[in-house]
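The chain contents come next:
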Amino acid sequence: MPQAADLLVTNAAVYTVDPTNLHAAAVAVQGNVIAFVGSAREAEAWRGPQTEVIDAGGNTLLPGFIDSHFHLLWGSLKLNSLQLDSATDLAQMGELLYAYATAHPEQEWIEGYQLRYQVTQGAQRLDRHFLDAIVPDRPVLLFAFDMHTAWANTVALQRGDILKGRDLPPGNAIVIDPTTGAATGELREPEAYTPVRTLIPKPDKAQQHALLRQGLALAAQHGITSVHNMDGTAETIALYAALEAAGEMTLRIYVPYDVKPETPLEALQEAVAWRQQYQGSHVRAGAVKLFMDGVLESTTAFMVDDYTAPTGQPSGNRGNALYSAEHFNRIAAEADRLGLQIFVHACGDGAVRRTLDGYAHARRQNEQPGTPRDSRHRIEHIEVIHPTDIARFAQLGVIASMQPLHAPVTGQEGEVWMTRAGVERWPLSFAWETLRQAGAHLVFGSDWPVVTLDPLQGFYAALNRRPWAPEHPVQRQDLAQIIAGYTHDAAYAEFQTGRKGMIRTGLLADLVLFDGNLFATLPAEIAQVRPVLTVCDGRVVFRQG
């Protein structure tokens, strides 16, 4: 007789993502590991007087979701700010801003997030004058959903001392009205809005902890048990580690060291020190994160060829790379030599190419004859890729980390992203299946808080995506591919397949149970299925009701 389990889930449609044992009906957990996977009849041997038994009612049990592109603290700190995602036009956005300002007279600054670019494309312009008419006496800073563009009112621009503009690094812009020589209020990329944003009072430690707990609870509610965080400072990783030590971390987090264009090579030693210091069950380090470019919506993504759609930009615009080829090659080679995994934000095909070139350079510099390197470097987003670069992902062992909810599902006419990309780039936009068929390792995530963290919304986008023209490649994913992209393949992307990402005896007990059978659900209804139980490290961290 086996020792009794602490938790037993039975009468379940278990999809293990383990190719050696893909389906089961019951899972037993002892401590923080999976002790048994098999039939409901065999599982009875694991039942004891203290065992918590959950009858799944024939519903799906999966490994806990691993979100491969996430911003835990950043998203959590926004939870009490003005949310603009429901606005479909500028008038609605103005109403939301007015209502929030009226309801919060005590707030010195007003921050808004999740603004869709479509809202800014009407006949009336979103500029400082529009914002001044709603809130004239307090600084206002509103962000596009992707955090690559912001809009400020006059008070905010004056406080940041950028009303008349400022010299900025390439790829960043304070948009200036040529008739007045003053800023319009539109600020493209972080160097443009940082002079304003840094003036906003930060929440104190108690407020940070409270909001972070809300973010953790939200992730647990959606079945997320691990995240690959995409920003990391010494302060934030120490905060996560403190929560882990207190037993308050309800998911596992992989935190990279932020590298900026001005970061000296010697600073990578700090990332190595992080890797040595943070190797807990819930907080880990061992990677670095860079931005190669911006985004297509603001024409700051770096492209191989000129933007061809009407953008209001000068002819010959290809966007900007934040690193020269030589600069990035040096960073990539040194990080790779130190055994650090590299994550690079690259939306444009030019940025993707420059990043792949840097990874190839690092391999040439560091690979020993007869010993292939398994660095598993990554490119984040890959919104557009040039045909000649598709095969290089498999050749270089580079992981394609992509976000289903970033892609327009049906390709509606006038969608800002599609206009910026231009028709000629559509066939290889968000090219999930093209990359998969070329042998790339593909993983999925949300980029929360850029979009919702709900994985089932990502499932819906990936399952229901249609070609934007009849002759375009089909990029939609099937359910098994999507599940793997949020579980086993995501674990592979952080060198953790021996610990998590499948339901297999001996692996960590990270599980999510749903209120329906995912494989019996129509693609159009997949987002309606909800988690009812989330288990991380053998502990129930969310229970419906």
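Analysis parameters
- Residues numbered from 1 in each chain as written.
- Predicted model: local features only at pLDDT ≥ 70, side-chain atom pairs only at ≥ 80, totals over all residues.
- Heavy atoms only, no water.
- Helix = DSSP H or I, 4+ residues; strand = E, 2+ residues; numbered from the N terminus.
- Rg over C-alpha atoms; globule rule 2.2 N^0.38 Å.
- Buried < 20%, exposed > 50% of the residue type's maximum accessible area, 1.4 Å probe, protein only.
- Pairing = 2+ DSSP bridges.
- Right-handed = clockwise from strand over helix to strand, strands pointing away.
- Expected span 1.5 Å × (residues − 1).
- Contact = heavy atoms within 4.5 Å.
- Polar contact = N/O pair within 3.5 Å; in protein donor to acceptor, adjacent residues only side chain to side chain.
- Axes fitted to C-alpha atoms, helices over the stretch in contact; angles between N-to-C directions.
- Salt bridge = Lys/Arg side-chain N within 4 Å of Asp/Glu carboxyl O.
- 1 Å grid on protein atoms, 1.4 Å probe; cavity = no way out; pocket = protein on both sides within 12 Å on 5 of 7 lines; lining within 4 Å.
- Points joined across faces, edges and corners; volume = space filled by probe spheres on them.
- Nonpolar A, V, L, I, M, F, W, Y, C, P; charged D, E, K, R; others polar.
- Core = buried A, V, L, I, M, F, W, Y, C linked by side-chain atoms within 4.5 Å.
- Phe/Tyr/Trp six-rings, centres within 6.5 Å; stacked < 30°, edge-to-face > 60°.
- Lys NZ or Arg CZ within 6 Å of the ring centre and 35° of its normal.
- Parallel < 35°, antiparallel > 145°, perpendicular 65-115°, else oblique.
- Left-handed = near helix turned anticlockwise from the far one by under 90°.

**Digging into the overall build of the protein**
From N to C terminus, the protein includes 17 helices and 24 strands. A compact globule built from 545 residues would reach a C-alpha radius of gyration of about 24 Å, and the protein, at 24 Å, matches this within 12%. With respect to the principal axes defined by its C-alpha atoms, the protein has extents near 85 × 60 × 50 Å. Out of the 545 residues in the protein, the part that is buried amounts to 60%.

**Remarks on the pairing of strand β16 (residues 252-258)**
For β16, the buried fraction is high: 6 of the 7 residues fall into the buried class. When strand β15 (residues 224-229) meets β16, the two strands line up parallel, connected through 3 bridges. Across the sheet, residue H228 finds its bridge partner in β16, namely Y254. Here 6 bridges tie β16 to strand β17 (residues 283-291), and the two strands are oriented parallel to one another. Bridging from a neighbouring strand, Y254 pairs with R284 of β17. You can see the chain leave β16, run along helix α9 (residues 268-277) and come back into β17, and the turn it takes is right-handed.

**Digging into helix α7 (residues 205-221)**
Taking 1.5 Å as the rise per residue, α7 with 17 residues should run 24 Å; its terminal C-alpha atoms sit 24 Å apart, in good agreement. Where α7 is buried, its residues touch α2 (72-77), β15, α8 (234-245), β23 (531-536) and β24 (539-543). The opening residue of α7 is D204, an N-cap whose side-chain oxygen sits 3.2 Å from the backbone nitrogen of A206.

**A word on the sheet that holds β16**
Ordered in space as β8-β15-β16-β17-β18-β19-β20-β21, the 8 strands form an open sheet in which the pairing is parallel. A strand with exactly one partner marks an edge of an open sheet, and here the two such strands are β8 (65-70) and β21 (441-444). With strand direction ignored, the average angle separating the axes of adjacent strands in the sheet is 25 degrees. Its contacts with the sheet put α8 on β15, β16 and β17, and the angle it makes with β17 is roughly 160 degrees.

**Observations regarding the environment of G358**
As for its placement among the helices and strands, G358 is situated in helix α11 (residues 349-366). Measuring from C-alpha to C-alpha, the distance between G358 and A271 comes to 19 Å, with 87 residues separating the pair along the chain. Non-local contacts of G358, meaning those with residues more than four positions away in its chain, are made with F328, N329 and A332.

**Overview of the pattern of salt bridges**
Enumeration according to the criterion identifies 23 salt bridges in this entry. Of the charged contacts, one joins R252 and D510 as a salt bridge, the two residues approaching to 2.8 Å between their closest N and O atoms. Of this pair, R252 sits in strand β16 while D510 sits in the loop between α17 (488-492) and β22 (511-514), and the two are 258 residues apart along the sequence. Residue classification places R252 among the buried residues on the basis of a relative accessible area of 3%.

**Observations concerning empty space enclosed by the protein**
Taken as a whole and judged by the stated rule, the model has 5 cavities of 30 Å³ or more. Quantified by volume, the largest cavity comes out at close to 90 Å³. Around the largest cavity sit D336, Y359, A362, R363, R373, S375, R376, H377, L396, G397 and V398, which together line it. Of all the elements, α11 adds the most residues to the lining of the largest cavity, at 3 residues. Partitioning the lining of the largest cavity into residue classes produces 4 nonpolar, 3 polar and 4 charged.

**Looking at the nonpolar core**
The biggest cluster of nonpolar side chains holds 143 residues, and the ones touching the most others in it are M93, L187, V288, F393 and F459. Those residues in contact with L187 that lie beyond four places of it in its chain are L141, H148, T149, A150, A152, L157, I162, A173, I174, A192 and Y193. Core analysis: the next-biggest nonpolar cluster, separate from the first, contains 19 residues, A12, V29, I34 and I54 among them.

**As for the packing of aromatic side chains**
Under the counting rule described, the total for this entry stands at 20 aromatic pairs. An angle of 55 degrees between the planes, with centres 4.9 Å apart, marks the rings of Y15 and F519 as tilted. Of this pair, Y15 sits in strand β2 (residues 13-15) while F519 is found in the loop between β22 and β23, placing the two residues 504 residues apart along the sequence. Between Y257 and W274, the aromatic rings sit 5.1 Å apart at their centres with planes inclined by 80 degrees, giving edge-to-face as the arrangement. Taken together, the positions of Y257 in strand β16 and W274 in helix α9 put the pair 17 residues apart, joining distant regions of the chain. Exposure class is identical for Y257 and W274. Each is buried. Taken together, F65, W432, F444, F459, Y486 and F514 form an aromatic cluster joined through their ring pairs. Over the ring of Y492 we find R376, and its NZ or CZ is 3.9 Å from the ring centre. Directly above the ring of W432 sits R465, whose terminal nitrogen or CZ lies 4.7 Å from the centroid.

**Concerning the packing of α7 against α8**
The relative placement of two packed helices is expressed as an angle between their axes plus a distance between the axes. α8 packs onto α7 with a crossing angle of 70 degrees between their chain directions and a minimal axis gap of 12 Å. Considered as vectors, α7 and α8 are oriented roughly perpendicular to each other. The two elements α7 and α8 cross, and the hand of that crossing is right-handed. Residues K205, Q208, H209, L212 and L216 of α7 pack against E235, L239, Y240 and L243 of α8. The residue inventory of the contact of α7 with α8, partitioned by class, reads 5 nonpolar, 2 polar and 2 charged.

**A look at the side chain of T236**
Position of T236 relative to the elements: it lies in helix α8. A polar contact of 3.0 Å, which involves the side chain of T236, links it to the backbone nitrogen of T233.

**Remarks on the sheet that holds β23**
Taken together, the 6 strands give an open sheet; going across it, the order is β3-β2-β7-β22-β23-β24, and neighbouring strands pair in mixed fashion. The open sheet has two edge strands, β3 (23-24) and β24, and neither has a second partner. Bridge count for β2 against strand β7 (residues 60-63) is 2 bridges, and the pairing is parallel. Along β7, the bridge assignment pairs V14 with L61.

**Regarding the pairing of β22**
Burial along β22 is two-sided: the face carrying L511 and L513 and the face carrying V512 and F514 are both buried. Two strands pair when backbone bridges link them, and β7 and β22 are joined in this way by 3 bridges, in the antiparallel orientation. For L61, the partnering residue across the bridge sits in β22 and is L513. Strand direction decides the pairing type here: β22 and β23, joined by 4 bridges, are antiparallel. When the sheet's bridge partners are listed, F514 is paired in β23 with P531.

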